[in-house]
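# Structural overview for review
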Amino acid sequence: MNLVIASDHAGYGLKESVKKYLAEQGHNVIDCGTNSEESCDYPVFAKALCKEINDKNAELGILICGTGIGMSMAANKVKGIRAALCSDYFSAKFTRAHNDANVICLGARVTGEGLALELINVFLNTPFEGGKHLRRINMFEE
Ligand code: RB5
């Protein structure tokens with residue numbers, strides 16, 4: 001799968017671990033930064049990731065900041081982006097199945113690496129169910 005990932009300084013360490021995991025799984029990953037733990041502004045990186053999805057260079061994206069909240073707020077301002085902040089397995093699965101989320105947001109200061117990788121795994125491997133769920137998405141995408 002073609003994927004895109006980005007973080008701020010708080011999410012940098014987890015981003016690097018996630019990149020390694022995704023490469024081992026055979027995914028192609030575009031990295032929109034940041035590239036160190038030096039303090040930076042998360043909206044810059046959220047915007048860059050959303051562009052890659054809207055330009056169809058990636059099917060799904062992963063955004064990481066301290067809580068995941070700032071990244072999800074910023075990403076959801078971009079038309080066509082459906083970003084879901086997840087810290088539990090059920091939400092990571094059903095935001096794909098029912099919301100056709102195209103970005104998962106994670107909080108590196110909230111969710112440990114082991115759980116983060118599991119959340120990403122189920123997010124990437126759950127198909128959208130379509131049907132009535134597509135009708136509902138269309139209602140807010142218009
Ligand atoms: C950075 O300190 C922190 O505010 C940021 O990573 C994020 O949690 C914002 O929502």
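Keep in mind it's a predicted model, so treat the numbers as computed, not measured.

## Some thoughts on the environment of Gln25
Along the chain, Gln25 falls in the loop between helix H1 (12-24) and strand S2 (28-31). What makes Gln25 partly exposed here is its relative accessible area of 42%. The spatial distance from the C-alpha of Gln25 to the C-alpha of Cys40 is 29 Å, given a sequence separation of 15 residues.

## Some thoughts on unusual backbone geometry
Between Gly33 and Thr34 the backbone carries a cis peptide bond, its omega angle lying at 0 degrees. A positive phi angle, close to 65 degrees, is found at Lys56, a residue other than glycine. When its relative accessible area of 74% is taken as the criterion, Lys56 is described as exposed. Located in the positive-phi region is Asp100, a residue other than glycine, with phi close to 50 degrees.

## Concerning the site of the ligand
Around the ligand, the neighbouring residues are Asp8, His9, Ala10, Tyr42, Cys65, Gly66, Thr67, Gly70 and Arg109. In the model, an oxygen atom of the ligand is placed 2.9 Å from a nitrogen or oxygen of the Thr67 main chain. In the model, an oxygen atom of the ligand is placed 3.3 Å from a nitrogen or oxygen of the Arg109 side chain. Taking 290 Å² as the accessible area of the ligand by itself, protein coverage stands at 71%. Across the shell around the ligand, the residue classes break down as three nonpolar, four polar and two charged.

About the thresholds
- Per-chain numbering applies: the sequence of each chain, read as written, is numbered from 1 onward.
- Thresholds applied to this predicted model are a pLDDT of at least 70 for local features of residues and 80 or more for the giving and counting of side-chain atom pairs; totals over whole chains, interfaces and linings are not thresholded and use all residues.
- Values shown for side chains rest on all heavy atoms present in the structure; no hydrogens or waters enter the calculation.
- Counting from the N terminus, the helices are DSSP H or I runs at least four residues long and the strands are E runs at least two residues long.
- Under the scheme applied here, a residue whose accessible area is under 20% of the maximum for its type counts as buried, over 50% as exposed, and between as partly exposed, the area being computed with a 1.4 Å probe on protein chains only.
- By convention in these notes, a residue is near a molecule or strand provided one of its non-hydrogen atoms lies within 4 Å of it.
- Between N or O atoms, a polar contact is any pair within 3.5 Å; within protein, one atom must be a potential hydrogen donor and the other a potential acceptor, and residues adjacent in sequence are included only when both atoms are from side chains.
- Accessibility throughout is a Shrake-Rupley quantity obtained with a 1.4 Å probe, and a residue counts as covered only by protein chains that appear here.
- Residue classes follow a fixed rule: Ala, Val, Leu, Ile, Met, Phe, Trp, Tyr, Cys and Pro count as nonpolar, while Asp, Glu, Lys and Arg count as charged, and any other residue, Gly among them, counts as polar.

By themselves, these figures tell us nothing about what the structure is for.
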